[in-house]
Amino acid sequence: MIDSIDLAALNSATKYPSIPTYHALGERGALTEDATPFTGDVVLTEKVDGTNARIIRLPGGDWFIGSREELLAARGDRVTNPALGIVGALRTVAEGLAERDGISVFYLEVYGAKVGAAAKQYTGTGQVGYRLFDVATVPVEVLDRPVERISAWREGGGQSFLTEEALTVAADLEGLPLTPRLGVIAPGGLPTGVDEMSAWLKSSWGRTKVALDGRAAGSAEGVVLRTADRSVIAKARFEDYARTLKRRGQAARTG
């Protein structure tokens, strides 16, 4: 199937869609007081700070490995793109995935070693890890559309993501570690203000649960909030809240 597939279409159809911040972004990246509404129980997971990667499994057993923006390797390639160590970390995983009907996309965070500025938070000895955080299915017929339409389809929620329960089953089946599950909270239990959310993050989720060795600095990036059916998903990062509160403090002193 690899020889006949439109690679630009496959790349666009399988990219991970943009995830909004829990508090909406305003001017110059500052958070506003507009919080994402949740109407069901909220599953909390650690947001791991590495590089977004994907494994695309095609009907018949072929596969691709990609970064957030581009495809890096395919089954049978003798020369691959070494960007950020993604292929090296995930090739064995890709080769071992079970065959499925249609197109399945496994989204993983590759972290540690020299992967991004936060590498030292996860390792002090140069180790690399990965964690599965989502799985989606893509109809094969979507690849027949122009790339521009595929992009709009993707950002409009066209991909079908597994529920929390199905994701857990898939991870167990494939032997893949998930991003840490931190708990489940009723929607009314979530802080709604920026100050309150910042304090809640610091008090509860400041340390990573995926350190790769004892020499890791150990700070977490933040939390992902999602309903069990994944109909609503948002992220809350420490740096966004710190930046926003710093600017508010500066404005108060000069105002």
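Just so you know, these numbers come straight off a predicted model, no measurement behind them. Note that residues are indexed from 1 along each chain, following the sequence as it is written. Restriction of local features to residues with pLDDT of at least 70 applies here, the model being predicted, together with a cutoff of 80 or more for giving and counting side-chain atom pairs; totals for whole chains, interfaces and linings are based on all residues. Computation of side-chain values: all heavy atoms of the structure, hydrogens and water removed.

1. Topic: the environment of Asn-81
Then comes step 1: In this structure, Asn-81 sits in the loop between strand E6 (71–74) and helix H2 (86–96).
Then comes step 2: The cut-offs for exposure are 20% and 50% of the maximum accessible area for each residue type, with area from a 1.4 Å probe on protein chains only; residues under the lower value are buried, those over the upper are exposed, and the others partly exposed. Residue classification places Asn-81 among the partly exposed positions, given a relative accessible area of 28%.
Then comes step 3: The criterion used for residue contact is that any of the two residues' heavy atoms lie within 4.5 Å. Other than its neighbours up to four places away in sequence, Asn-81 contacts Glu-70, Leu-72 and Val-87.
Then comes step 4: Within polar-contact distance, the side chain of Asn-81 engages the backbone nitrogen of Ala-83 at 2.9 Å. A run of H or I in DSSP becomes a helix once it reaches four residues, and a run of E becomes a strand once it reaches two; helices and strands are each numbered from the N terminus. Under this definition, polar contacts are N or O atom pairs within 3.5 Å; protein pairs additionally need one hydrogen-donor-capable and one acceptor-capable atom, and for neighbouring residues in sequence, both atoms have to be side-chain atoms.

2. A short note on the nonpolar core
Within soluble globular proteins, side chains that are nonpolar generally end up buried alongside one another.
Then comes step 1: By nonpolar core we mean a set of buried residues, namely Ala, Val, Leu, Ile, Met, Phe, Trp, Tyr and Cys, connected to one another through side-chain atoms within 4.5 Å. Core analysis: the largest hydrophobic core is formed by 23 residues, its most contacted members being Leu-10 and Ile-103.
Then comes step 2: Those residues in contact with Leu-10 that lie beyond four places of it in its chain are Ile-5, Arg-54, Ile-56, Leu-58, Phe-64, Leu-71, Ile-103 and Leu-143.
Then comes step 3: Grouped together as the second largest cluster of nonpolar side chains are 22 residues, Phe-106, Leu-108, Ala-171 and Leu-176 included.

3. Side note on the packing of aromatic side chains
When we look at a pair of aromatic rings, we describe it by the centre distance and by the angle of the planes.
Then comes step 1: Ring pairs are drawn from Phe, Tyr and Trp, using the six-membered ring of Trp, whenever the two centres fall within 6.5 Å, and their geometry is named by plane angle: stacked under 30 degrees, edge-to-face over 60, tilted for the rest. Enumeration according to the criterion identifies eight aromatic pairs in this entry.
Then comes step 2: When the centroid spacing of 6.0 Å and the interplanar angle of 35° are considered together, the rings of Tyr-107 and Phe-161 count as tilted. Residue Tyr-107 is located in strand E7 (residues 103–112), and its partner Phe-161 is located in strand E9 (residues 160–161); the two are separated by 54 residues in the primary sequence. Across the pair, exposure class does not vary: Tyr-107 and Phe-161 are buried alike.
Then comes step 3: Three or more aromatic residues link up through ring pairs in this structure, and these residues are Tyr-16, Tyr-107, Phe-133 and Phe-161.
Then comes step 4: If you follow Arg-230 out to its NZ or CZ, it ends over the ring of Phe-161, 3.7 Å from the centre. Charge-over-ring placement is defined geometrically: NZ (Lys) or CZ (Arg) within 6 Å of the ring centre, and within 35 degrees of the ring normal.

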